[in-house]
Amino acid sequence: MEGNYIDKTRVLDIKPLRTLRPIFPSGNQAPPFVCAPPFGPFPAGFSPFYPFGSSQVNEQTPDLSQAQRQPQIPPQHQHQPQLPPQGHHQPQNLSERSLTTPSRPLRSSNGEIEPVESTLRRKTPKKRQLSTVNFESGISVAERDNGNRELVMSVLMRFDALRRRLAQLEDAEDAVNGIIKRPDLKAGSTCMSRGVRTNTKKRPGLVPGVEIGDIFFFRFEMCLVGLHSPSMAGIDYLVIKGGDAEEEEPIATSIVSSAYTENDRVNPDVLVYTGQGGHADKDKEASDQKLERGNLALEKSLHRNNAVRVIRGLNLKEATHRVKIYVYDGIYEIKEAWIEKGKSGHDTFKYKLVRAPNQPPGFATWTEIQSWKTGKSPRRGLILPDLTSGVESVAVSLVNEVDSENGPSYFTYSTTVKYSMSFQLTQPSSGCGCGNKCKPGNLECPCIRKNGGEFPYTGNDILVSRRPMVYECSPSCPCLTCKSKVTQMGVKLRLEVFKTVDRGWGLRSWDPIRAGAFICVYAGEARDKSKVQQTMANDDFTFDTTRVYTPFKWNYEAGLADEDASEEVSEEPILPLPLIISAKNIGNVARFMNHSCSPNVFWQPVSYENNGQLYLHVAFFAISHIPPMTELTYDYGVSRPTGAQNGNPVYGKKRCFCGTQYCRGSFG
């Protein structure tokens, strides 16, 4: 090492930069020194350099991640609030987007955009010019302060529609760079900043439009409807005047409890809640909790006898992954408070809350279902543990708690549509050549090209948007783990066929259902309407695509997503031929879904190739989040007008008993 020795003790004669004087070239060395603004004007003989040159400026469109921007749209594209409480917005004139419109460019492994040797041209979503366009939320100042059921459901649906769209775009990017993103945070921030929210007036007690038993898959949803404002903290509180003294003091309005103990199962109406702060139950950086903020608010609420809203957080397993679900359990009263040592030996605040009586069931329903699943308690009224006799991968219970009827009429259980020889619906088609799975944004995949260059589902099997037709990969495609075979994977929910009080047999789920989640297909025998017109009148298990269905807005708003409204996809189904499916003799659980004029389920035509032929199916998806044990219903539609009664057209042939606010009185 002696040969490479450097004497580091030698001090170089270096002056600080601030002591150096600029040296300008002399006249015979270079042109005179010029000082000009970055963007000009420039003297003759001089040109701007990058990045100041106008020809070099990058004029990229704004990024969706900038959630705080305020776009505006013209009046003709302003959002119309929905009418029915679950997804029935007033219809809008939506221009159809060409099915050859992709959403994301192809990228190589190094991130460079590659040209696509295909007839499908790349067309990214057009961004709106935020400086000249105005976005109207359609929610007045009064409605923003105090909501109602219709408005709460509208806000939640608009948020989730935007979240699904952002997830779709990010899934295409993640397939390239592997970055994990949070579309729920982006969607929530956008809705907050653009006024798509309600119940902003903070209050204790009940929240207008939010019902006990409602479920939420994201904390931002609770914030947008005024149920629980903090996006992270477990205690929400309000500062008020304190009694005779004019001092202000906090009172608790709501808490989120994510702990689940054995006591919760035994007595779900009693909750022991741990205060916030201190990390007293953690091993590292633990300290005593302090009587401040949320803890102080709970203490004050105890002495003032103020009721508190309770939201229960649960970790549940969906088909492919675990999710966090929040259940609004109603109003609780704080009965007592004390201090005890946590795991780390530091002080923690404990609060005992008891559920107020005479409230609809909430969290107790979840604990009861868990007991059924684990076998700790029997299902009352159970007739058959599995109606399908093992045909479905998940059992479907048959239950009657109303009368002594032992079950519906006999039928053969099937999971698919049976096409007769006389019903020529199929047409030649070809599948894709993808390897392990189809990747979002891969325009070389014919299955993705059929969907306009976009993947129809998010990474967790949620439908992004209603479309005239959804094209899935076929069973013969080599992509065995592809996410584009959602409806072909069968029923994944724990469903139950049950006897209703006045509408025969119905269908509901033991599991919570997320908006856009697949429920089942309508299985049965496909028939030609012209040949079965006479027999359809006596068939109560017929799905008819030729009926008139109430239009509603379910897809995301282009203005809320900073996209051009001309890029919106039509939500009206388009089928190659009229499709009539009879489930009278052959069918599945879909035959038990009853009609409602304000349904929580919608139907979507889906097709896929099998053995060189294209098969068409009717698939059902959730309009909004559906709590467990809620009856699943869809709109049966009405026949075309055939006459008049008292000057009014006669549509439905059967009386409707749905009892909703927007009941038409008849259907079929």
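What you see is a predicted model, and the numbers here were worked out from it, not measured in a lab.

What counts, and where the lines are drawn
Residues numbered from 1 in each chain as written. Predicted model: local features only at pLDDT ≥ 70, side-chain atom pairs only at ≥ 80, totals over all residues. Heavy atoms only, no water. Helix = DSSP H or I, 4+ residues; strand = E, 2+ residues; numbered from the N terminus. Contact = heavy atoms within 4.5 Å. Areas by Shrake-Rupley, 256 points an atom, 1.4 Å probe, with all protein chains shown as cover. Phe/Tyr/Trp six-rings, centres within 6.5 Å; stacked < 30°, edge-to-face > 60°. Buried < 20%, exposed > 50% of the residue type's maximum accessible area, 1.4 Å probe, protein only. Salt bridge = Lys/Arg side-chain N within 4 Å of Asp/Glu carboxyl O. Expected span 1.5 Å × (residues − 1). pLDDT = per-residue confidence, 0-100. Polar contact = N/O pair within 3.5 Å; in protein donor to acceptor, adjacent residues only side chain to side chain. Pairing = 2+ DSSP bridges. Axes fitted to C-alpha atoms, helices over the stretch in contact; angles between N-to-C directions. Core = buried A, V, L, I, M, F, W, Y, C linked by side-chain atoms within 4.5 Å.

A. Region of the structure containing the overall build of the chain. If you tally the helices and strands in the chain, you get nine helices and 27 strands. Restricting to contacts in the chain with at least 6 residues of sequence separation, those with at least 24 account for 70%. When the accessible surface of the chain is split by element, carbon and sulfur atoms take 52% of a total near 33700 Å².

B. Representation of the packing of aromatic side chains in the model. Inspection of the entire model under this criterion finds 20 aromatic pairs. Aromatic side chains Phe543 and Tyr549 sit 6.5 Å apart centroid to centroid with 20° between the ring planes, which places their arrangement in the stacked category. Where Tyr636 meets Phe667, the ring centres are 5.3 Å apart and the plane angle is 85°; that geometry is what we call edge-to-face. Of this pair, Tyr636 sits in the loop between strand 23 (633-634) and strand 24 (644-645) while Phe667 is found in strand 27 (residues 666-667), placing the two residues 31 residues apart along the sequence. A residue is classified by how much of its surface remains accessible, and Tyr636, at 15% relative accessible area, is buried.

C. Spatial organisation of the pattern of salt bridges. One pass over the structure, following the stated rule, counts 35 salt bridges. Among the salt bridges present, the one from Glu496 reaches Arg508, with a minimum N-O distance of 2.8 Å. Residue Glu496 is located in strand 13 (residues 495-499), and its partner Arg508 is located in strand 14 (residues 505-509); the two are separated by twelve residues in the primary sequence. Accessibility classification places Glu496 together with Arg508 in one group, the buried group. The structure contains a network of salt bridges with shared partners spanning Arg379, Arg380, Glu401, Glu496 and Arg508.

D. Region of interest: helix 6 (residues 293-304). Between its terminal C-alpha atoms helix 6 stretches 16 Å, which fits the 16 Å expected from twelve residues at 1.5 Å a residue. The set of residues buried in helix 6 consists of Gly294, Asn295, Ala297, Leu298, Glu299, Ser301 and Leu302. In this fold, the buried residues of helix 6 make contact with strand 2 (235-241), strand 3 (248-257), strand 4 (270-274), strand 6 (322-341) and strand 7 (347-355). Two residues or fewer after helix 6 comes Asn305, characterised by a positive phi angle close to 60°.

E. Just the confidence of the model for the chain, in detail. Mean pLDDT over the chain works out to 79, with 71% of the residues at or above the 70 mark. pLDDT under 50 marks residues 8-12. Its contacts with residues more than four places away, or in other chains, come to zero contacts. Predicted confidence is poor over residues 128-132, with pLDDT under 50, and the contacts of this stretch with residues over four places away or in other chains come to 15 contacts.

F. Expanded view of the environment of Ala395. Its location among the elements puts Ala395 in the loop between strand 8 (382-384) and strand 9 (397-399). Distance in space between the C-alpha atoms of Ala395 and Leu493 is 8.9 Å, their sequence separation being 98 residues. Residue contacts for Ala395: discarding those within four places in its chain leaves Pro385, Asp386, Arg494 and Leu495.

G. Summary view of the side chain of Ser254. Following the sequence through the fold, Ser254 ends up in strand 3. A residue is classified by how much of its surface remains accessible, and Ser254, at 0% relative accessible area, is buried. In terms of polar contacts, Ser254 uses its side chain to reach the backbone carbonyl oxygen of Leu227, at 3.4 Å. Within polar-contact distance, the side chain of Ser254 engages the side chain of His228 at 2.6 Å.

H. Focus on unusual backbone geometry. The phi angle at Ser389 is positive, at roughly 55°, despite the residue not being glycine. Mapped onto the secondary structure, Ser389 falls in the loop between strand 8 and strand 9. Residue classification places Ser389 among the exposed residues on the basis of a relative accessible area of 68%. Of note in the backbone geometry, Asp562 takes a positive phi value of approximately 60° without being a glycine. Inspection of the secondary structure puts Asp562 in the loop between strand 17 (542-544) and strand 18 (580-582). Owing to a relative accessible area of 4%, Asp562 belongs among the buried residues under this scheme.

I. Representation of the sheet that holds strand 21 (residues 601-610) in the model. The strand order 12-21-22-15 describes an open sheet built from four strands, whose pairing is mixed. Two strands close off the open sheet at either side, each with one partner strand: strand 12 (470-471) and strand 15 (518-521). As judged from the three bridges shared by strand 15 and strand 22 (residues 613-622), these two strands associate in the antiparallel manner. Paired with Phe518 across the strands is Phe621, a residue of strand 22.

J. Quick peek at the sheet that holds strand 16 (residues 524-527). With respect to topology, four strands assemble into an open sheet ordered 11-16-18-17, the strand pairing being mixed. Both outer strands of the open sheet, strand 11 (417-419) and strand 17, are each paired with one neighbouring strand and no more. Taking each pair of neighbouring strands and ignoring which way they run, the sheet shows an average axis angle of 25°. Note: strand 11 against strand 16, three bridges, orientation parallel.

K. Seen up close, the environment of Tyr413. Residue position: Tyr413 is located in strand 10 (residues 412-413). On the basis of relative accessibility, which here comes to 14%, the residue Tyr413 falls in the buried class. Along the sequence, Tyr413 and Thr388 sit 25 residues apart, while their C-alpha atoms lie 6.2 Å from each other. When sequence neighbours within four positions are dropped, the list of residues in contact with Tyr413 reads Thr388, Val391, Glu392, Gly587, Asn588 and Val589. At 2.9 Å, the side chain of Tyr413 forms a polar contact with the side chain of Glu392.

L. Representation of the nonpolar core in the model. If you look at the biggest cluster of nonpolar residues, it comprises 45 residues, and the most contacted ones within it are Tyr522, Phe543, Met593, Phe620 and Leu632. When contributions to this core are tallied by element, the ones reaching two or more residues are strand 11, strand 13, strand 14, strand 15, strand 21 and strand 22. Considering each element in turn, this core owes the most residues, four residues, to strand 22. Grouped together as the second largest cluster of nonpolar side chains are 40 residues, Ala187, Cys191, Met222 and Tyr556 included.

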